[in-house]
Amino acid sequence: MAQMTMIQAITDALRTELKNDENVLVFGEDVGVNGGVFRATEGLQKEFGEDRVFDTPLAESGIGGLAVGLALQGFRPVPEIQFFGFVYEVMDSISGQLARMSFRSAGHFHAPVTIRSPFGGGVATPEMHADSLEGLMAQQPGLKVVIPSGPYDAKGLLISAIRDEDPVIYLEHMKLYRSFREEVPEEEYTIPLGKANVKKEGTDLSIFAYGAMVRESLKAAEELEKEGHSVEVVDLRTVQPLDIDTIISSVEKTNRAIVVQEAQRQAGIAANVVAEITERAILSLEAPVLRVTAPDTIYPYAQGENAWLPGAKDIVETAKKVLEF
Amino acid sequence: MAAKKANAFDPEQNLREIEDKFEMLQILNEDGEIINKEMDPGLSDEQLTELMTRMVWTRILDQRSISLNRQGRLGFYAPTAGQEASQLASQFALESEDFILPGYRDVPQIIFHGLPLEQAFLWSRGHFQGSDVPDGVNIFLPQIIIGAQYIQAAGVALGKQKRGEKSVVITYTGDGGTSQGDFYEGINFAGAFNSPAIFIIQNNQYAISTPRSLQTKAKTLAQKGISAGIPSVLVDGMDPLAVYAVTKQARERALNGGGPTLIETMCYRYGPHTMAGDDPTRYRTSETDSEWEKRDPLIRFRKYLEGKGLWNEEKENEVIDRAKEEIKAAIKKADAAPKQKVSDFLNIMYRGDMPQNVKEQLDIYTKKESK
């Protein structure tokens, strides 16, 4: 076992799959010699050659088209979109093409493509870098959307995503890249897509979160425990499809729930989780299910982001409303 | 205004010189005469007859498709008459292992590449079985998003390169398609990777109603390839021999490691953009129509073949009758396709594990449908 940061775990997962399957190709802007702007692909071109790990011209739509075409040729492309805020440039390839590949060919073609991309706030990026756009992706049938909350999950989930036969959007929160280390096995392991992870068990309240909000939720849970509340924290890991069984059984146990997302409040994953809970477990609920989210503005400029981003304090506040309802 | 210095750098002159180099290549003129012997691809009598047969067959398919559409027996249809040389002579230059990424008007090419006619009809009707490409048929489905096939072609071509395959990729868009960002990204990616791709622009003069002149200031569309550093050709798209020759040349260049080629075929669609209500009289004059009809690919190729003793009325009628029979039989097969169910759609969404939501919905719909 080694102590790894999330970025190291991601590199390790890529290396594992490049080794395992010669159809795996890693490409994007600056992923070659430079090893990616965050060093996620550090050393991979040197190890696997320019044929397997390569730079592309600077055009996100072209990268998406390349992934479609390479999938048609039987490859297992793992393109990187340098920042997920740039996804609008490649939306047609993702939602219009990759997501529909199996359906529109009656299952003849398929697209085992994993699009990796950094996103998330709190690291003072320029505009269009930090937005949480998983809700956009999750609304597109045909896509799976995975967001790891730390190094251990990052490796296991990325290996599963690459081995998946369908397109997976794999979003890496930039603040988690180097903020902490975890024990990560050096050998390969997978974490199934579509399965949530109960990070901490409790009996009074369920907190559902993903990505960077998992740590904030754990911090909040610690605060709440000091005041005598037993809190369960569930990391969704995959936001599409949701792990309905884990969500519902948690709510049936605690009878109270909140959902936390870094994204703005309107539409989105948290709203979907709330809808599933009310449809399936309304009689178990002792209080309304509330959400902790960012407000419905455009993602602010860097100096304003900390006032805007949700965090442990907001989670505690909302949790208390639900606990005291 | 001061007179220009004799040696002063003149960007306008520079551009004119580049643009003037893009003359339209023609081999067979409108009267069916070879005017460019050096470029004659030297097709055998058998090949010439086969190409003519395909063009006549496709003209009949077009006529029948239009009337079947009017009767409500076909769905989405984009007429092809006028573009037979551009479509079929380029496909004729391919081998079966070459991969085609068509636009929505390019159904004839994929039929001749192996898509059964009844599936083309099912695709037109909006039945999912139309899109279930048979194994070993190297085509992608007709692209709806203008330009997307160009970037995908770059991907397939790169894949062929990585696999060391001795084959190429061909893709088609129209004059309007050259204004899309994906057009440029596609040719640029293929150029940057030096991949074996052939990019065809079928310049039929109108993007629905918008004339070619409003798409770009560029004098030709072919010259856009220069910006990506790839060989580019302007060819008479109503001349089957010229289209065949440049496509064949592009294919050989690609196989020999010469990378991608951009080909602009000058042609015309006689019919409307699609059968969904487009009325060409709103944006074209009958004078323009008849001017282009004089350049018709079938007329000139028929003359050329008749001159060689390879074609006559009887032969043409045989092809027409056969086409009608085959269309009738294919429609009958298409009619026999099963009614589509929501459970079919859910079942083809994913190749791998079915996500929980889809599984749950499949249960619900399967129960509903079995009632």
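Being a predicted model, the structure only gives us computed values, none of them experimental.

1. Some thoughts on the nonpolar core
Of all hydrophobic cores here, the largest spans 141 residues; its most connected members are Phe208(A), Ile277(A) and Phe301(B). By residue number, the principal contributor to this core is helix H2 (residues 45-70) of chain B, which donates 9 residues. Among the nonpolar cores identified, the runner-up in size contains 35 residues, and Leu14(A), Val24(A), Val78(A) and Ile159(A) belong to it.

2. A closer look at the sheet that holds strand S6 (residues 232-236) of chain B
All names here are of chain B. If you walk across this open sheet you meet the 5 strands as S1-S2-S3-S7-S6, and the pairing is parallel. Looking along the sheet, the strands with just one partner apiece sit at the ends: strand S1 (99-101) and S6. This sheet shows a mean twist of 20° between the axes of neighbouring strands, independent of strand direction. Across the face of the sheet, helix H7 (residues 181-193) comes into contact with strand S2 (169-174), strand S3 (197-203) and strand S7 (261-266) while running at roughly 150° to S3.

3. Quick word on a negative patch on the surface
Residues and elements named next belong to chain B. Taken together, the side chains of Glu314, Glu318, Asp321 and Glu325 make up a negatively charged region of the molecular surface. You can see Glu314 is positioned in helix H12 (residues 313-335). The class for Glu314 is exposed, based on a relative accessible area of 60%.

4. Points about the interface of chain A and chain B
On the side of chain B, 43 residues touch chain A, which itself brings 45 residues to the contact. Taken together, the two surfaces of chain A and chain B that pack against each other cover about 3,700 Å², and 59% of this comes from carbon and sulfur. When the buried area of chain A at its contact with chain B is split by residue, Gln73(A), Phe103(A) and Arg104(A) rank highest and sum to 19% of it. In this structure, the connection of chain A to chain B is made through 2 salt bridges. Here Lys162(B) makes a salt bridge to Asp51(A), at a shortest N to O gap of 3.1 Å. At the boundary of chain A with chain B, the tally comes to 21 residue pairs in polar contact (both at pLDDT 80 or more). Taken together, the elements giving at least two residues each to the side of chain A that touches chain B come down to strand S3 (53-55), helix H3 (60-72), helix H4 (91-97) and helix H5 (101-104) of chain A. At 9 residues, H3(A) tops the list of elements feeding residues into the side of chain A that touches chain B. Class assignment of the residues belonging to the side of chain A that touches chain B gives a composition of 19 nonpolar, 17 polar and 9 charged.

5. Some words on the packing of helix H6 (residues 148-163) of chain B against H7(B)
Residue and element names in this part refer to chain B. With their axes 6 Å apart at the nearest point, H6 and H7 run at an angle of 15° to one another. One element, H6, and the other, H7, form an angle in the roughly parallel class. For the pair H6 and H7, the sense of crossing is left-handed. For the pair H6 and H7, contact is made by Ala148, Tyr150, Ile151, Ala154, Leu158 and Gln161 and by Asp182, Phe183, Glu185, Gly186, Ile187, Phe189, Ala190 and Phe193, respectively.

6. Looking at the UniProt feature "domain: Transketolase-like pyrimidine-binding" (unreviewed entry) in chain A
Taken from the UniProt record, the annotation "domain: Transketolase-like pyrimidine-binding" (unreviewed entry) applies to residues 4-179 of chain A. From the first C-alpha to the last, residues 4-179 of chain A spans 11 Å; its make-up is 35% helix and 16% strand.

7. A closer look at the layout of surface pockets
The calculated volume of the largest pocket comes to roughly 1,000 Å³. Among the elements of the structure, helix H6 (134-138), strand S12 (238-240), strand S13 (257-264) and helix H10 (268-281) of chain A together with helix H14 (356-370) of chain B are those that each provide at least two residues to the lining of the largest pocket. Reported here for the second largest pocket is a volume of approximately 440 Å³. Taken together, 19 residues line the second largest pocket, and the ones lying closest to its centre are Arg100(A), Arg104(A), Trp123(B), Ser131(B) and Ile144(B). Taken together, the elements giving at least two residues each to the lining of the second largest pocket come down to H4 and H5 of chain A. No other element matches the 3 residues that H4(A) contributes to the lining of the second largest pocket.

8. What about empty space enclosed by the protein?
Residues and elements named next belong to chain B. What the rule picks out here adds up to 4 cavities of 30 Å³ or more. Of the volumes computed, that of the largest cavity is approximately 150 Å³. Around the largest cavity, the lining comprises 17 residues; the ones closest to its centre are Leu61, Ser65, Tyr77, Val107 and Ala120. Only H2, helix H4 (107-112) and helix H5 (117-125) provide two or more residues apiece to the lining of the largest cavity.

The rules behind these values
Per chain, residue numbering runs from 1 following the sequence as it is written. Just so you know, chain letters begin at A and ligand numbers begin at 1, following the order they were written in. The predicted nature of this model means local features are confined to residues of pLDDT at least 70 and side-chain atom pairs, given and counted, to a pLDDT of 80 or more, with totals for whole chains, interfaces and linings taken over all residues. Hydrogens and water are ignored here; the side-chain numbers use all heavy atoms of the structure. To define a nonpolar core, start from buried Ala, Val, Leu, Ile, Met, Phe, Trp, Tyr and Cys residues and group those joined through side-chain atoms within 4.5 Å. Think of it in three bands: with a 1.4 Å probe and only protein chains considered, a residue is buried below 20% of the maximum accessible area for its type, exposed above 50%, and partly exposed in between. By definition, any uninterrupted DSSP run of H or I lasting at least four residues is a helix, any uninterrupted run of E lasting at least two residues is a strand, and each is numbered from the N terminus. Following DSSP output, two strands are said to pair if at least two bridges run between them. All axes are obtained by fitting lines to C-alpha atoms, using only the stretch in contact for helices, and the reported angles, taken between N-to-C directions, cover 0 to 180 degrees. Should any heavy atoms of two residues lie within 4.5 Å, those residues are considered in contact. Like-charged residues within 9 Å of one another, or nonpolar side chains (Val, Leu, Ile, Met, Phe, Trp, Tyr) within 5 Å, are grouped into patches, provided each residue has over 30% relative accessible area and no salt bridge. Residue-level accessible areas treat just the shown protein chains as cover; the underlying method is Shrake-Rupley with a 1.4 Å probe. By convention in these notes, a salt bridge is any Lys or Arg side-chain nitrogen within 4 Å of a carboxyl oxygen on Asp or Glu. Counted charges follow a simple rule, with Lys and Arg positive, Asp and Glu negative, and His plus the chain ends left uncounted. Positions of charges follow a simple convention, taking NZ of Lys, CZ of Arg, CG of Asp or CD of Glu. Two parts lose some accessible area (1.4 Å probe) when they are put together, and adding that loss for both gives the buried area. Here a polar contact is recorded for every N or O atom pair within 3.5 Å, except that within protein the pair must consist of a potential hydrogen donor and a potential acceptor, and residues adjacent in sequence are included only if both atoms are side-chain atoms. Basically, the charged four are Asp, Glu, Lys and Arg, the nonpolar ten are Ala, Val, Leu, Ile, Met, Phe, Trp, Tyr, Cys and Pro, and anything else, Gly included, counts as polar. Relative orientations are named as follows: roughly parallel for angles under 35 degrees, roughly antiparallel for angles over 145 degrees, roughly perpendicular for angles from 65 to 115 degrees, and oblique for any other angle. Crossings are classed by handedness, with left-handed meaning an anticlockwise turn of the near helix from the far one by less than a right angle and right-handed meaning a clockwise turn. UniProt positions are given in the numbering used here, feature names are shortened, and annotations may be inferred rather than shown by experiment. A cavity, in this analysis, means grid points on a 1 Å lattice covering only the protein atoms where a 1.4 Å probe fits yet has no way out; a pocket is instead an open set bounded by protein on both sides within 12 Å along at least five of seven lines, and a residue lines either one if it has an atom within 4 Å of a point. Grid points are joined across faces, edges and corners, and a volume is the space filled by probe spheres set on the points.

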